[in-house]
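Chain and residue survey
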Amino acid sequence: MESWYTAIIEQYGYFGIFFIMALENLFPPIPSEVVLPFSGFVTTTTDLHIIGVIIASTAGSVFGAIVLYGVGLLLDVENLERIIDRWGRIIRLKKNDVHRADEWFDRYGKWTVFFGRMMPFLRSVISIPAGMSNMPFLFFIVLTTLGTIIWNILLVSIGAALGENWTEIIQYVKLYSKTIYIILGIVAILLIVWFVIYKKKKNKN
């Protein structure tokens, strides 16, 4: 899989980096953990500049995030309420559940949007609840850009520093990614267990 996006970067330069990073936000299986170090390495063998690579990769990531933010706007709380009115009994959700989730994101979402940009999978999907909660667009862009640029600077700089040995970083970032996936999986399971227990207690009362 790595060969096609490395070929795009080599052929199209900054635009290729922008395109791949936009896709990476829309389709999480494309790993920025590989794309960014390779992009940094390319600066040592072509006329691409490390600053240009960071700008292109950040712009691509932010563009992809904006698209998913727009999806979230379409799936706002009001639309979810209509879905629950029709299918709530089947999916075992109530409007109060949606309101609590929306309130939680209003309170803690800004930190999730910022730090989520440095985590696999979460960096993509977090844009949807941000849109659903109607997070102010400018605020969303600022948090997304700051979190993204920190991650991009780190990996692009490492790739440039390692040069032809850029692949050495992959095993470490893949370990980081696996760790994040495990943590997210555990959190998801705990949330599901909590939700089931909460529902049972509420039904008894």
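Position numbers for residues count from 1 along each chain, tracking the sequence in the order it is written. In keeping with the predicted nature of the model, local features appear solely for residues at pLDDT of at least 70, side-chain atom pairs appear and are counted solely at 80 or more, and the whole-chain, interface and lining totals rest on all residues. Excluded from the side-chain calculation are hydrogens and water; included are all heavy atoms of the structure.

Among all residues save glycine, negative phi is the norm, and among peptide bonds the norm is trans. One non-glycine residue, N134, lies in the positive phi region at around 60°. By the criteria applied, helices consist of DSSP H or I runs no shorter than four residues and strands consist of E runs no shorter than two, each listed in order from the N terminus. Here N134 is to be found in the loop between helix 7 (127-132) and helix 8 (137-162).

Here the focus is empty space enclosed by the protein. Definitions used for this entry: grid spacing 1 Å over protein atoms alone; cavity, a set of points where a 1.4 Å probe fits but cannot get out; pocket, an open set with protein on both sides within 12 Å along at least 5 of 7 lines; lining residue, one with an atom within 4 Å of a point. Grid points are joined across faces, edges and corners, and a volume is the space filled by probe spheres set on the points. Taken as a whole and judged by the stated rule, the model has one cavity of 30 Å³ or more. Considering only enclosed or pocket space, the largest cavity measures out at about 60 Å³ in volume. Along its surface, the largest cavity is lined by M21, E24, N25, S32, S61, R117, R123, T148, W151 and N152. Of all elements in the fold, only helix 1 (2-26) and helix 8 reach the threshold of two or more residues within the lining of the largest cavity. Across the lining of the largest cavity, the residue classes break down as two nonpolar, five polar and three charged. Residues are grouped as follows: nonpolar covers Ala, Val, Leu, Ile, Met, Phe, Trp, Tyr, Cys and Pro; charged covers Asp, Glu, Lys and Arg; every other residue, Gly included, is treated as polar.

A word on the packing of aromatic side chains. Pairs were defined over the aromatic rings of Phe, Tyr and Trp, the Trp ring being its six-membered one, requiring ring centres within 6.5 Å. Orientation was assigned from the angle between planes: stacked under 30 degrees, edge-to-face over 60, tilted for the rest. Inspection of the entire model under this criterion finds six aromatic pairs. Where F38 meets F41, the ring centres are 6.0 Å apart and the plane angle is 50°; that geometry is what we call tilted. One end of the pair, F38, and the other, F41, are both in helix 2 (residues 32-42), three residues apart, so they sit about a helical turn from each other. Summarising the burial analysis for this pair, F38 and F41 share the class buried. Exposed residues in this analysis have more than 50% of their type's maximum accessible area, buried residues have under 20%, and partly exposed residues fall in between, with area computed by a 1.4 Å probe over protein chains only.

Remark: helix 2 packs on helix 8, axes separated minimally by 6 Å, with the N-to-C direction vectors making an angle of 50°. By the angle class used here, helix 2 and helix 8 are oblique. When you trace helix 2 past helix 8, the crossing you get is right-handed. Across from S32, E33, L36, P37, G40 and F41 in helix 2, the residues of helix 8 making contact are W151, N152, L155, V156, G159 and A160. When grouped by side-chain class, the residues that make up the contact of helix 2 with helix 8 number seven nonpolar, four polar and one charged. Axis geometry follows a simple rule: fit a line to the C-alpha atoms, using only the stretch in contact for helices, then measure angles between N-to-C directions, giving values from 0 to 180 degrees. To sort the angles, those under 35 degrees are grouped as roughly parallel, those over 145 as roughly antiparallel, those from 65 to 115 as roughly perpendicular, and the leftovers as oblique. Crossings are sorted by hand: turned counterclockwise from the far helix by less than a right angle, the near helix makes the crossing left-handed, and turned clockwise it makes it right-handed. Here, two residues are considered to be in contact whenever any of their heavy atoms come within 4.5 Å of each other.

Moving on: the packing of helix 3 (residues 50-74) against helix 8. At a minimum axis distance of 8 Å, the contact between helix 3 and helix 8 shows a crossing angle of 140°. When the axis of helix 3 is compared with that of helix 8, the two are oblique. Handedness of the helix 3/helix 8 crossing: right-handed. Along the contact surface, helix 3 presents I50, V53, I54, S57, T58, S61, V62, A65, I66 and Y69, while helix 8 presents F137, F140, I141, T144, T145, T148, I149, N152, I153, V156, S157 and A160. When the residues that make up the contact of helix 3 with helix 8 are grouped by side-chain class, the tally is 14 nonpolar, eight polar and no charged.

This paragraph deals with the side chain of N152. The residue N152 is located in helix 8 in this model. Note on N152: relative accessible area 1%, which makes it buried. Look past the residues within four positions of N152 in its chain and what remains in contact with it is M21, L36, I54, S57, T58, S61 and S157.

Before going further, it helps to examine the side chain of S61. Mapped onto the fold, S61 is located in helix 3. By relative accessible area, S61 is classed as buried at 3%.

The topology assignment puts T58 in helix 3. With 92 residues separating them along the chain, T58 and I150 place their C-alpha atoms 9.4 Å apart. What T58 contacts, discounting residues up to four positions off in sequence, is T145, T148, I149 and N152.

This part covers a nonpolar patch on the surface. Only residues whose relative accessible area exceeds 30% and that form no salt bridge enter a patch; like-charged residues are grouped when within 9 Å of one another, and nonpolar side chains (Val, Leu, Ile, Met, Phe, Trp, Tyr) when within 5 Å. Here, Shrake-Rupley sampling with a 1.4 Å probe gives the accessible areas, and only protein chains in the shown set may cover a residue. What makes a salt bridge here is a side-chain nitrogen of Lys or Arg within 4 Å of a carboxyl oxygen of Asp or Glu, nothing more. A contiguous nonpolar surface patch, about 430 Å² in accessible area, is contributed by F63, V67, V71, L74 and L75. Among the structural elements, V67 can be located in helix 3. Residue V67 is classed as partly exposed on the basis of its relative accessible area of 35%.

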